Amino acid sequence: MSEPVITARGLTKRYGEAVVVDALDFDILKGETFGLLGPNGAGKTTTILMMLGLTEVSAGTVMVAGHDPVRRPLEVKRRVGYLPDSVGFYDHMTAVENLTYTARLMGHGRDVRKARIADALARVRLSDVAHKTVGTFSRGMRQRLGLAELIMKHAEIAILDEPTSGLDPQSTHEFLDMIGELKREGVTILITSHLLDQVQRLCDRVALFRDGKILVIGTVGELARQVLGAGFVVDVEAAAAPGKELAARLGAIAGVLNVQQTAEQTYRLTADHDVRAEAARAVVAADGALTRLSVDNPSLDAIYTQFFQKQAATEGEIRNAA
Amino acid sequence: MRREGSPWHGLGTVLLKELADHFDSARMLLLALLMVLAAAVPFYSAVEQLRTTTSEDPFLLLKLFNPGGQTLSVVAILGFVIPVVAIGLGFDAVNGEHNRRTLSRILAQPIYRDALLAGKFLAAIVVLAVNLTCLWLLVVGFGVFFLGVPPSGDEFTRSLVFLFISIAYAGAWLGMAMLFSVLFRSPATAALLALGVWLFMTLLWPMISPFIAVLMSPPDIRYQLLGIFDPQTAAWQQALSRISPYLLFEEATRTILTPTTPSLGPLLDQIRQLRGEVVGAALPLRESLAIAWPQAVGLVAGAIVLFVATYVAFQRQEVRA
């Protein structure tokens, strides 16, 4: 984690009157995995296209890998790999031929091409079908071929737009593992998705994006504290010794905000950090018998739902007030 | 704001890939077959007709292309078929990439859109040129074989000029097909519209334009009484007819291929008669070229204008599917 490789300042895209992307400011650091989350039509793809110089910037600036995509798109596109939403290949050409075309456009010589393509196809486990036409490929295989293209390019920055949408669970799992490998190699990754649990597993930081604006930005833990108020939910199942009030003791632990007795012997604690150790100690101190202790990590799913519900609610209030 | 880097970077790669695609495709094979078969029939009848007059005719090779009179000629058939082949090669050039979702992936590589579009256009032009050249070689070769008379240098040059004019004609139609492939997201719409324009220009316009000419400039009663064309009306008619690439092609090839009967339209014929020239005498190559020059340049210019329109439309288009 060091200097930023993507910097946006006041980045704006307008189509006539409609503002699709509204004055974005963000930095993505080198080696970081950054998730851009938001409902469909929030302007995620438009933001990506502006970073690649594939659509005009209405106002503001964006710098990608040290270059301005408006002025030097070729330099940017040489360093950035882009996997579009539901990527397409030439169906009548084989996997190798498709990648060879891209490698030629990159300007690689024959030896480099051969070596890199073989290596990339091996990494995404497509070596067996390297000489089959892409027309016979399943959706998952195409998606992997798209990833092979980024690997072959030796991209410093990988931009993945909804990479797992429409994949079956098995393919999704494999695909996410491959992205994880890229991440370990130090590639900076920008990923957009609506499959939140997957993004949560991969991303160092996420941004919630709606109506062309970034609403909150930070690590999943930070977002949980901001949006949910507290990030950790600890379930305690314990039989208390007679005469000892367990709920009060649990509530006295530092960091616990709320204790709820959900059944005779189960308690739900909401806390700003993981309080399992303290909770166990408290039960033992009260001579109780601890039978179960578990923690729910803050889930991005919950944050996302909660956040957009809150938004909708405030908007509703404003509308009602008016 | 100026962008940096060469717009032609990647052009060669795109060109080679598109060429390979064309030559591999079944569509290309069908279109080439269509062209050869369509030309074979008038060619055969021209040979049959010429066999009887071999000794008398100084322009045998040219007669193979355009026997004159009422017979269906290779040139007339080509004027009809070349647009179909050109449209067939161009109608899905850009929207096809959109629909296969390859466009955003390819444009995310370090090339400009310029290279992609120019590469596609050049590849199709090369394919058309190769096809037309093959056809030309077939006609010349079989002509010599069947008639047994080698062509003179003059004839050979004229037929070469004809080849260049046909390629320019193909380029104009290709430009239009590619423009539609950028403007319309659906290849079917683009193809139908291009074929519609083709039908209009080749069949309807030659019939409609004289009427419009009369409307624009009603002929003077004095000329009508004398039974000759009003030069004003004739000028209008000629100007209008030249909107259609088909008529431009027809006019240019007729001038080049039939030196003996250069009927240049009612207007020029009248002028030449007034100047005391004999209509029907053979024109030297240089003069034929001078007469056909504006039409040939018009076809090249049409191709360039349509390509530029395509280019502008493509640069402004959104990439996202």
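Residues numbered from 1 in each chain as written. Chains lettered and ligands numbered in written order. Predicted model: local features only at pLDDT ≥ 70, side-chain atom pairs only at ≥ 80, totals over all residues.

Novice: So what exactly am I meant to see when it comes to the overall build of chain A here?
Specialist: Counting its secondary structure elements, chain A contains 11 helices and 13 strands. A principal-axis box enclosing the C-alpha atoms of chain A has dimensions of 80 × 55 × 35 Å. Burial statistics for chain A: of 322 residues in total, 39% are counted as buried. Nonlocal contacts in chain A, meaning residues at least 24 apart in sequence, comprise 67% of its contacts between residues at least 6 apart. (Helix = DSSP H or I, 4+ residues; strand = E, 2+ residues; numbered from the N terminus. Buried ≥ 20, exposed ≤ 12 C-beta atoms within 10 Å, placed from the backbone. Contact = placed C-beta atoms within 7 Å.)

Novice: What's the story with the overall build of chain B in this structure? I'm lost.
Specialist: Counting its secondary structure elements, chain B contains 14 helices and 0 strands. Overall, chain B shows an N-to-C arrangement of helices and strands of α-α-α-α-α-α-α-α-α-α-α-α-α-α. On the principal axes, the C-alpha backbone points of chain B span a range of 65 × 50 × 35 Å. Buried residues in chain B amount to 40% of all 321 residues.

Novice: Is there a simple way to think about the domain arrangement of chain A in this case?
Specialist: Where interface size is given, it is often the accessible area lost as the parts come together that is meant. As assigned here, chain A comprises domain 1 (4-218) and domain 2 (230-296). Taking only C-alpha atoms, the centre of domain 1 of chain A and the centre of domain 2 of chain A are 44 Å apart. (Domains from an automatic or database assignment.)

Novice: Would you take a moment to explain the sheet that holds strand S10 (residues 232-239) of chain A for this structure?
Specialist: Two modes of strand pairing occur in sheets, parallel and antiparallel, and in both the strands are linked by backbone hydrogen bonds. Residue and element names in this part refer to chain A. In space, the 4 strands of this open sheet follow the order S11-S12-S10-S13, with antiparallel pairing throughout. Each having just a single partner strand, strand S11 (256-261) and strand S13 (289-296) make up the two edges of the open sheet. Between one strand and the next, the sheet's axes are offset by a mean angle of 20°, whatever the strand orientation. Here S10 runs beside strand S12 (residues 266-271); their pairing, made up of 6 bridges, is antiparallel. The residue bridging Val 236 from the neighbouring strand is Tyr 267, located in S12. Across the sheet, helix H10 (residues 276-285) is in contact with S10, S12 and S13; its angle to S13 comes to roughly 165°. (Pairing = 2+ DSSP bridges. Axes fitted to C-alpha atoms, helices over the stretch in contact; angles between N-to-C directions.)

Novice: Any chance you could explain the interface of chain A and chain B here in plain terms?
Specialist: On the chain B side, the residues contacting the 24 residues of chain A number 22 residues. Counting residues per element, the ones that place at least two in the side of chain A that touches chain B are helix H1 (44-51), helix H2 (73-79) and helix H3 (95-106) of chain A.

Novice: Looking at this model, I keep getting lost on the confidence of the model for chain B. Mind explaining?
Specialist: In regions of low pLDDT, the predicted coordinates are not meant to be interpreted in detail. Mean pLDDT for chain B: 87, with 92% of residues reaching 70 or above. Of the two predicted TM-score estimates for the complex, the pTM is 0.86 and the ipTM is 0.85. (pLDDT = per-residue confidence, 0-100.)

Novice: It is not clear to me how unusual backbone geometry should be interpreted in this structure. Could you clarify?
Specialist: Leave glycine aside and you will find that most residues have negative phi; peptide bonds, for their part, are mostly trans. Residue and element names in this part refer to chain A. Phi is positive for Ala 65, which is not a glycine, with a value near 50°. Following the sequence through the fold, Ala 65 ends up in the loop between strand S4 (59-64) and H2. By the C-beta count within 10 Å, which is 19 here, Ala 65 ends up partly exposed. Here Ser 86, not a glycine, exhibits a phi torsion of approximately 45°, which is positive. Looking at the element boundaries, Ser 86 is found in the loop between strand S5 (80-83) and H3. Residue class for Ser 86 comes out partly exposed when judged on the 16 C-beta atoms lying within 10 Å of it.

Novice: Help me understand the packing of H3 of chain A against helix H5 (residues 139-153) of chain A, please; the structure alone is not making it clear to me.
Specialist: Two numbers describe a pair of packed helices, the interaxial angle and the distance between the axes. Residue and element names in this part refer to chain A. H5 packs onto H3 with a crossing angle of 35° between their chain directions and a minimal axis gap of 10 Å. Between H3 and H5 lies a crossing of right-handed hand. Between H3 and H5, the residues in contact are Ala 95, Asn 98, Leu 99, Thr 102, Ala 103 and Met 106 and Leu 145, Ala 148, Glu 149, Met 152 and Lys 153, respectively. Here the residues of the contact of H3 with H5 sort into 7 nonpolar, 2 polar and 2 charged. (Left-handed = near helix turned anticlockwise from the far one by under 90°. Nonpolar A, V, L, I, M, F, W, Y, C, P; charged D, E, K, R; others polar.)

Novice: How should the packing of helix H4 (residues 74-90) of chain B against helix H7 (residues 113-147) of chain B be read in this particular structure?
Specialist: Residue and element names in this part refer to chain B. Running from N to C, H4 and H7 cross one another at 155°; their axes reach a closest spacing of 11 Å. Comparing the axis directions of H4 and H7 gives the class roughly antiparallel. Here the hand of the crossing between H4 and H7 comes out right-handed. Along its contact with H4, which presents Val 74, Val 85, Ala 86, Leu 89 and Gly 90, the element H7 presents Ala 124, Val 127, Leu 128 and Val 139. Residues that form the contact of H4 with H7 fall into these classes: 8 nonpolar, 1 polar and no charged. (Parallel < 35°, antiparallel > 145°, perpendicular 65-115°, else oblique.)

Novice: Even after reading the chapter, I still don't get H5 of chain A, so can you show me in this structure?
Specialist: Spacing of three or four residues puts side chains on the same side of an α-helix, whose turn is 3.6 residues. Residues and elements named next belong to chain A. An ideal rise of 1.5 Å per residue puts 21 Å on 15 residues; H5 measures up with 21 Å between its terminal C-alpha atoms. Burial analysis of H5 places 12 of its 15 residues in the buried class, which makes it a mostly covered element. Considered for burial, the residues of H5 that qualify are Arg 142, Gln 143, Arg 144, Leu 145, Gly 146, Leu 147, Ala 148, Glu 149, Leu 150, Ile 151, Met 152 and Lys 153. Where H5 is buried, its residues meet S5, H3, helix H4 (110-123), strand S6 (157-161) and helix H6 (169-184). Of the residues trailing H5, His 154 is marked for its positive phi of about 55°. (Expected span 1.5 Å × (residues − 1).)

Novice: Is there a simple way to think about the nonpolar core in this case?
Specialist: Buried together is how nonpolar side chains tend to be arranged in soluble globular proteins. Residues Ala 148 of chain A together with Ala 86, Leu 128, Ile 165, Leu 174 and Ala 177 of chain B are the most contacted members of the largest nonpolar core, which totals 146 residues. Examining the composition of this core, we find that 16 residues originate from one element, helix H8 (residues 153-183) of chain B, more than from any other. (Core = buried A, V, L, I, M, F, W, Y, C linked by C-beta atoms within 7 Å.)

Novice: Whenever I open this one, the sheet that holds S5 of chain A confuses me. Can you help?
Specialist: Residues and elements named next belong to chain A. Read across the sheet, 6 strands follow the order S5-S6-S7-S3-S8-S9 without closing on themselves; strand pairing throughout is mixed. The strands lining the two open edges of the sheet, one partner per strand, are S5 and strand S9 (213-218). Direction aside, neighbouring strands of the sheet carry axes that sit 15° apart on average. With respect to the sheet, H5 is in contact with S5 and S6, its orientation differing from that of S5 by roughly 175°.

Novice: Explain the environment of Pro 7 of chain B here, please?
Specialist: Residues and elements named next belong to chain B. If you trace the backbone, Pro 7 turns up in the segment before helix H1 (11-24). Each C-alpha atom of the pair Pro 7 and Ala 296 lies 29 Å from the other, and the pair is 289 residues apart in sequence. If we skip the residues at most four places from it in the chain, Pro 7 touches Tyr 112, Asp 114 and Ala 115.

Novice: How should H8 of chain B be read in this particular structure?
Specialist: Helix length check: H8 of chain B (31 residues) gives 45 Å between terminal C-alpha atoms against 45 Å at 1.5 Å per residue, within 8%. For H8 of chain B, the tally of buried residues reaches 23 of 31 residues, placing the bulk of the element in the interior.

Novice: How should the pairing of S9 of chain A be read in this particular structure?
Specialist: Residues in a regular strand point their side chains to alternate faces of the sheet. Residue and element names in this part refer to chain A. In terms of strand pairing, strand S8 (residues 205-210) meets S9 through 5 bridges, oriented antiparallel. The residue bridging Phe 209 from the neighbouring strand is Ile 214, located in S9. Taking the residues that link successive antiparallel strands as the turn, the S8-S9 hairpin has 2 residues, and the phi of Asp 211 there is positive, at about 50°.

Novice: Hey, could you run me through the environment of Glu 4 of chain B in this one?
Specialist: Turning to its location among the elements, Glu 4 of chain B is positioned in the segment before H1. In the structure, Glu 4 of chain B is positioned 237 residues away from Ser 241 of chain B in sequence and 44 Å away in space, judged by C-alpha atoms. Excluding its chain neighbours within four sequence positions, the residues that come into contact with Glu 4 of chain B are Arg 71 and Arg 72 of chain A.

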